Each structure stands twice: as C-alpha cells, then as structure tokens.
Amino acid sequence: MSISTLCRATLKPLLVTTMAFLCAQVLAQNPLDFGSSIKTADPSGHVWQDGRMYLYTSHDQECQADFWMKDWYAFSSTDLVNWTDHGPILTVDDLSWADNYAWAPDAAYKNGKYYLIFPAGTGHKDRVNPERSTKWMGIGIAVSDSPTGPFKDAIGAPLWTEPYANDPSLFIDDDGQAYLYFHGKNADYQVAKMADDMRSVEGDLVKMDMGGYEPKMEGPWVFKRQGLYYFTMPENNRELAYYTATSPTGPWQYKGVFMQSEGGNNHHSIVEYQGQWVLFYHRWLSRNTQCANRQKQRHSAAEYLYFNEDGTIQEVKRTEEGVGDFMNKVLND
C-alpha cells in the first residue's frame, strides 16, 4: 500500500485533525523529494522499457554564479514520490569542447542505446557590457548502455557550432525517426532530423511554420497524443504555452498558455505514466538554501496535466501536493 493510500485509509473520525495534518505533510510533494538538498531544474521525463519514470535534470550549484553549472543528473521512481538518485551521469569534465553551462538536457532510447542530448559551452557572458561577452554554447550527444549511465560523449564535439544553441529536445516518432528541436540565438522554432545512429543531423536546420506567431521562447518539448503533435515551450521564457500540428515539423497552430509565469524562467516536460499525464517543471524557491541572502534557487516539481475532449490542454495550477497521491490515483482511476 502506498503512503498516500495509507494516509487516506487511516483518517479515523477522532483523529481527523492530527492525521490530516500529518498526511498533508507526506502528500506535499512539491518540490520533488530526491532525498537530499540538491537543487535541480529543467526536468526531462521519460518512461523506458523497465517501466520506471526517469527524470534527467540540470543541477544548480549551491549559490551558483550566473548559471555556471557543471553536471547532469538522473533520478528514477515507480510512484513519483520516492526517487532514486543516479547522478551525476555526465559532467563538463568529461567533455573536450566545453567547460561550463551544463544546462537543460533531454534523453532518448534508440537502437538498443540510451542517448543524453545536452547543451554546454565556454566563455563568459558580460551582462553589463554585452559586446564583451565571449560565451558560446553548443549541443552535444552522449551514449550509454544504461538509462542511468555513465554516459560518454559520442562524437567528442557539438553537433554543430553555428548557430549558438541550447535547450535541446528529442522526439522520436512512431516510425523511429528522431527530431531535434532547440532554442538558439536567432534560431528558434527550428527542427533537424537526426541520423539513424544519433550522432549527427541529416540535412539542414529547418525553420518551421508557426502560423505567424513566434514569441521569444526557451526550451521546447514535443510529444504526441492521439495522433496529434504538441509543440510546447516557455513563451517569453516564463509562461508555458503550446501549438498543435498533424506533423512533427508543422505547420503549427498556436493554442495558448497552459501555465502562468511564477516570475523566473521555467523549463518542462510532459509525459504519460501509468495512464496519468504529468507535467514536470521547476520552481524558484528559497528553501533548503545555504545562501546568506536566501536567494531563490530552482527545484523540480510535478503536476497532473489534463486534456479537453478536443485535445486542448487545460490550465495547470502550481500546487504543494503535486502528484503526491499518484499511486492512489492510479488505483482508483
């Protein structure tokens, strides 16, 4: 019996107040509890052949300076409440072409191998005098025989050097074709086909038809449901919005915002697990911090996501409970 089911089953009339309080503490699963004070962001959710939910995340260093990040983590769970920490699964020390900016990763399984696609870079971003900035970022691909690594840089270089790019998202369609979407400097709303060996892109980067609406964006996430493709992203780098299409490369039709901004940037993934659709995202919170100024740092979180009959996404609200009652919901639905 899951913890959440036990809590609900033991709420006896004379103990309602006490037990409700204790169970509320157990069920308050946002941010996700990875068993330590680790700060994670950009959670990429995937369900592999073993039936577990895997999250691939970036890792915020404690009180880090300007997103100087050094490694990527993986976590797995069968109930979305109790998580196993498998990281770090790759670090910038493992790369010959980058030494910083271990930002939002994604993952894929193809041809019997697990792939971690990731952004990394070099240089320094001068926010006071941008013309002096030397920062550059590219997208790498790493491979492993295990979903939890260790991962090894597959080609010893970025997939390309121009344009500057980060926030990659891999989508593998039903026919096995892998598509790469990304955020880049003057290069948003673009897609590339991955080669079958997942070590290069085939052809050119293609600018997609977004129906005439192309707001500033960060990390995209593409998924398919009931024959419809969804292109989702943080619009204006803050609120989560989406488009739909009948092809993984568009043309796309804008549908609107489904999660409002909380103030800081957001980065997400959407995945179905045991019949429930789940939105993973991150929040900016000043908890479990060692920073003297109590600066907010990022923490991975999760919410249920629901669709209307016409396929549109219902608005998602941030909650403290998140998916803490996941197993109870699975058993009762």
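Here the structure is a predicted model, which is why all the values come from computation and not from measurement.

Rules of the game
Per chain, the residues get numbers from 1 upward, laid out in the order the sequence is written. Reporting in this predicted model follows two pLDDT cut-offs: at least 70 for local features of residues, and 80 or more for side-chain atom pairs to be given and counted; totals over whole chains, interfaces and linings ignore these cut-offs and use all residues. Think of the side-chain values as coming from all heavy atoms in the structure, minus any hydrogens and water. Two strands pair under a simple rule: DSSP has to find at least two bridges between them. Note on conventions: DSSP H or I runs of at least 4 residues are helices, E runs of at least 2 residues are strands, and numbering of each starts at the N terminus. All axes are obtained by fitting lines to C-alpha atoms, using only the stretch in contact for helices, and the reported angles, taken between N-to-C directions, cover 0 to 180 degrees. Only centres within 6.5 Å qualify two rings of Phe, Tyr or Trp (six-membered ring in Trp) as a pair; their planes then separate them into stacked at under 30 degrees, edge-to-face at over 60, and tilted for everything else. Only protein chains enter the area calculation, which uses a 1.4 Å probe; residues under 20% of their type maximum are buried, those over 50% are exposed, and those in between are partly exposed.

A.B. asks: Which residues make up the sheet that holds strand 19 (residues 276–285), and what values do they have?
C.D. replies: With antiparallel pairing, 3 strands are arranged side by side in an open sheet as 18-19-20. Looking at which strands have only one partner, the edges of the open sheet turn out to be strand 18 (269–273) and strand 20 (297–304). If you compare each strand with its neighbour and ignore which way they point, the axes differ by 30 degrees on average. By the bridge criterion, 8 bridges tie strand 19 to strand 20 in an arrangement that is antiparallel. Residue Tyr281 lies in a different strand from strand 20, and its bridge partner there is Ala301.

A.B. asks: Outline the packing of aromatic side chains, listing residues and values.
C.D. replies: Each aromatic ring pair is specified by the distance between its two centres and by the angle formed by the two planes. Evaluation of the coordinates by the stated rule reveals 32 aromatic pairs. Taking the centre distance of 6.2 Å and the plane angle of 75 degrees together, the rings of Phe67 and Trp103 count as edge-to-face. Taken together, the residues Phe67 in the loop between strand 2 (53–60) and strand 3 (71–77) and Trp103 in the loop between strand 5 (90–91) and strand 6 (106–110) connect sequence positions 36 residues apart. The exposure class of Trp103 is buried, given its relative accessible area of 16%. Ring centres 5.9 Å apart and planes at 40 degrees place the aromatic pair Tyr189 and Phe231 in the tilted group. Taken together, the residues Tyr189 in the loop between strand 11 (178–184) and strand 12 (190–194) and Phe231 in strand 15 (residues 228–235) connect sequence positions 42 residues apart. According to the relative accessible area criterion, Tyr189 is buried, its value standing at 2%. Overall, the relative accessible area of 2% leaves Phe231 in the buried class.

A.B. asks: How would you explain unusual backbone geometry if you had to name every residue and give the values?
C.D. replies: Glu162 connects to Pro163 through a cis peptide bond whose omega is 5 degrees. For the peptide bond that leads from Gly250 to Pro251, omega is 5 degrees, which places it in the cis range. As for its position among the elements, Pro251 is in the loop between strand 16 (239–245) and strand 17 (253–259). Even without being a glycine, Phe67 presents a positive backbone phi close to 60 degrees. Given the relative accessible area of 23%, Phe67 is considered partly exposed. Look at Asn186: it is not a glycine, yet its phi comes out positive at around 55 degrees. In this structure, Asn186 sits in the loop between strand 11 and strand 12. On the basis of relative accessible area, Asn186 is assigned to the exposed category, the value being 77%.

The values are spatial; any link to function lies outside them.
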